[in-house]
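Here's the letter readout for the chains.
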Amino acid sequence: VPLRRLRLLVPAALALATACGATDSLKDLVEGVAGLDAQPAYQLDAGAYPDAMMVSVDAGHPDAQSQDAGPTDANFPVASHPMLPRVPNNGGPILAQPRVVLVFFRDEPNRAVLEAHANWIVGSSWLNAVGTEYGVGTASILGSVATATNAPMSVTDADIQTLLTTGIMNHSIPRPSDGTFVDTLYMVYFPSHTTITANSGAMGTQAASCVIFDGYHSEVDNMMGTGTRFAYAVIAACPSSTPGLTDIEDEELTVSHELIEAATDPYPFTNPAWAFSASTDTPWATIGGEIGDLCAIPRQAYRSATFIAQRIWSNEAAFIDIVDPCVPPDPMKPYYQTGTIPDGVRLVQRGDTISFILEGWSTAQVQDWALSPLIAQGDMTPTFMLDRSTMNNGGRGTLQVTVPPGAAAGSFALIWLTSALTADDFRWWPIVVVAN
Ligand SMILES: [Zn+2]
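Scoring rules and cut-offs
- Position numbers for residues start from 1 in each chain and track the written sequence from start to end.
- In keeping with the model being predicted, local features are shown solely for residues with a pLDDT of at least 70 and side-chain atom pairs are shown and tallied solely at 80 or more, while totals for entire chains, interfaces and linings include all residues.
- Side-chain numbers here rest on the full set of heavy atoms in the structure, without hydrogens or water.
- Atoms of type N, O and S within 2.8 Å of a metal are treated as its donors, and for Na, K and Ca the window is 3.2 Å; water is not considered, so some sites may appear to be missing partners.
- Here the metal geometry follows the donor angles, with tetrahedral for four donors whose angles all fall between 85 and 135 degrees, square planar for four and octahedral for six when opposite donors are more than 155 degrees apart and every other angle is between 65 and 115, and irregular for all the rest.
- Each helix is a run of H or I in the DSSP string that is no shorter than four residues. Each strand is a run of E no shorter than two, and both are numbered from the N terminus.
- A simple rule labels every residue: compare its accessible area, found with a 1.4 Å probe on the protein chains alone, to the largest value its type can have, and call it buried under 20%, exposed over 50%, or partly exposed in between.
- Pairing of aromatic side chains requires ring centres within 6.5 Å, counting the rings of Phe and Tyr and the six-membered ring of Trp. Pairs whose planes differ by under 30 degrees are stacked, by over 60 edge-to-face, and all others tilted.
- Ring-over charges, as used throughout, are those where CZ of Arg or NZ of Lys falls within 6 Å of the ring centre and within 35 degrees of the ring normal.
- We define the nonpolar core as a collection of buried residues of types Ala, Val, Leu, Ile, Met, Phe, Trp, Tyr and Cys that are connected through side-chain atoms lying within 4.5 Å of one another.
- By definition in these notes, contact holds between two residues if any of their heavy atoms fall within 4.5 Å.
- Any two cysteine sulfur atoms lying within 2.5 Å of each other are counted as a disulfide.

Asks: Please clarify how the coordination of the zinc ion should be interpreted in this entry.
Replies: Metal coordination angles have textbook ideals: 109.5 degrees for a tetrahedral set of four donors and 90 or 180 degrees for an octahedral set of six. Protein coordination at the zinc ion comes from His257 (NE2), Glu261 (OE), Glu261 (OE) and Asp293 (OD), with a distance range of 2.0 to 2.6 Å. Viewed at the metal, the four donor atoms of the zinc ion are separated by angles of 55 to 134°, and the geometry they form is irregular. Written as a sequence motif, the donor residues of the zinc ion are H-x3-E-x31-D. Taken together, the residues glutamate 261 in helix H5 (residues 247–264) and aspartate 293 in the loop between H5 and strand E10 (301–303) connect sequence positions 32 residues apart. Each member of the pair, glutamate 261 as well as aspartate 293, carries the same accessibility label: buried.

Asks: It is not clear to me how the side chain of aspartate 157 should be interpreted in this structure. Could you clarify?
Replies: Inspection of the secondary structure puts aspartate 157 in helix H4 (residues 157–169). For aspartate 157, a relative accessible area of 18% corresponds to the buried category.

Asks: Is there a simple way to explain the packing of aromatic side chains in this structure?
Replies: Aromatic ring pairs are defined here through the distance separating the ring centres and the angle between the ring planes. Applying the stated criterion across every chain, the model contains 14 aromatic pairs. Relative to tryptophan 369, the ring of tyrosine 336 lies with its centre 5.1 Å away and its plane at 40°, an arrangement referred to as tilted. Here tryptophan 369 lies in strand E17 (residues 369–378) and tyrosine 336 lies in strand E14 (residues 336–341), a separation of 33 residues in the sequence. You can call tyrosine 336 buried: its relative accessible area is 1%. Since its relative accessible area comes to 0%, tryptophan 369 is described here as buried. Taking the centre distance of 5.2 Å and the plane angle of 50° together, the rings of phenylalanine 426 and tryptophan 428 count as tilted. Take tryptophan 428: its relative accessible area is 5%, and that puts it in the buried class. Here the guanidinium or amino end of arginine 229 rests over the ring plane of tyrosine 267, the centre of that ring lying 3.8 Å away. In this arrangement the basic side chain of arginine 427 is found over the ring face of tyrosine 336, its NZ or CZ atom lying 4.8 Å from the centre.

Asks: Even after reading the chapter, I still don't get the nonpolar core, so can you show me in this structure?
Replies: What tends to happen in soluble globular proteins is that the nonpolar side chains get buried as a cluster. Membership of the largest hydrophobic core comes to 87 residues, with the highest contact counts inside it found for Trp126, Met187, Tyr189, Trp313 and Val433. When residues no more than four places from it in sequence are discounted, the contact partners of methionine 187 are Val100, Val101, Leu102, Val103, Ala233, Ile235, Val255 and Leu259. The next biggest cluster of nonpolar side chains, apart from the first, holds 27 residues, and it includes Val145, Leu164, Phe181 and Ile196.

Asks: Just checking my understanding: could you explain the state of the cysteines for this structure?
Replies: The bond known as a disulfide is covalent and runs between the sulfur atoms of two cysteines. By the definition in use, this model includes two disulfides. Covalently, cysteine 210 is tied to cysteine 238 through a disulfide, its sulfur atoms 2.0 Å apart. Negative torsions about the S-S bond denote left-handed disulfides, and the value of about -85° found for cysteine 210 with cysteine 238 makes this one left-handed. With cysteine 210 in the loop between strand E7 (206–208) and strand E8 (213–223) and cysteine 238 in the loop between strand E9 (228–235) and H5, the pair connects residues that are 28 residues apart, well separated along the chain. The disulfide partner of cysteine 295 is cysteine 326, and the S-S distance across this bridge is 2.1 Å. The chirality of the disulfide connecting cysteine 295 with cysteine 326 is left-handed, given an S-S dihedral of about -95°. Of this pair, cysteine 295 sits in the loop between H5 and E10 while cysteine 326 sits in strand E13 (residues 326–327), and the two are 31 residues apart along the sequence. Look at cysteine 295 and you get buried, because its relative accessible area is 0%.

Asks: What's the story with the environment of threonine 197 in this structure? I'm lost.
Replies: Note on placement: threonine 197 falls in strand E6 (residues 195–199). Residues threonine 197 and aspartate 159, spaced 38 residues apart in sequence, show a C-alpha to C-alpha distance of 9.8 Å. Every residue in contact with threonine 197, bar those within four places of it in the chain, is listed here: Val155, Thr156, Asp157, Gln206, Ala207 and Ala208.

What follows is the structure in structure tokens.
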């Protein structure tokens, strides 16, 4: 599902873009649910719902003791609430001590600052904070090269694989001296004049950089027929894509996102590691397939003295449950969210209404946030009844979702319950309703 590996650009108004990226996994999800047709129809009483659709959780969660306590008031009474998801481990290898090769083009205008950022990030406390629980330790820069030619106006993912394999074979791009590609990551930086296209599969179209994504990571799994496999990441420079960030800062965010996702899931197609796989029955996969994606909308930036990196989903923090699941936590911004009971994927008879109990929580005092359901994707349009328009820590409410009588059996709606402090500061809680 290639697009799930892309870091998606999704202002709220462009939610469809994410919906496209999520299509493959969502279809799997909905088809899986449709297979439950023999089950009794779900009733409206929330207490009657089975928990069969709960997120599959990695069994061994490390001790919570080492986790940073997170922002602000340790005595703040965080209200009870539904569990946040945890990203499963599919068992594939990771890059335990990433060896990163930087590949620039001759006309890259920002090579010096991007190299400085890369040199910072490989030994940073940020990498330590986000990588340790997934088995990723300190990284290193194996080399930095620039091509002999300027960057093309347009390039495909296949072109990038060819560029890398050709460069590695003719030694213009470094490879590890031990002869293996274990832990190796090639990071290819494109300047802003290049449009990168990657096959989105699910949408039947090509996805373009700075429109649908601003970076992705992937793998070459049989270099020139030699059986050699290596991981690579592609970084686009997307001017003016994040409010409040400079273009370089935005590119640094992309680098950090792809670095940790490539390290924790380097071979997403042949041997996935930390990711919601197609078989994971959770609507959270529509928010993000990998640990960077779950903290990428909106983009959550961590600043060191000079550089910037993205906050990253922590299964440990999600397990602790009363701290921000995106780490390192932002001392200035409490986490807030509204969860639903039940969650997951729900079958509803056509014409019927399903009620979700809403529970709001925050990790410190915040002002009321606005609550609204957003139809992110689907082939039927339910109607909503929300008994409150704002929420706060300890707030309770009800969201009723009515499936139109004329909806086709098996049609569905992906709903993101949106909790928003401002237009740029919001969270989504995903639920899927399937017409039965
Ligand atoms: Zn990502």
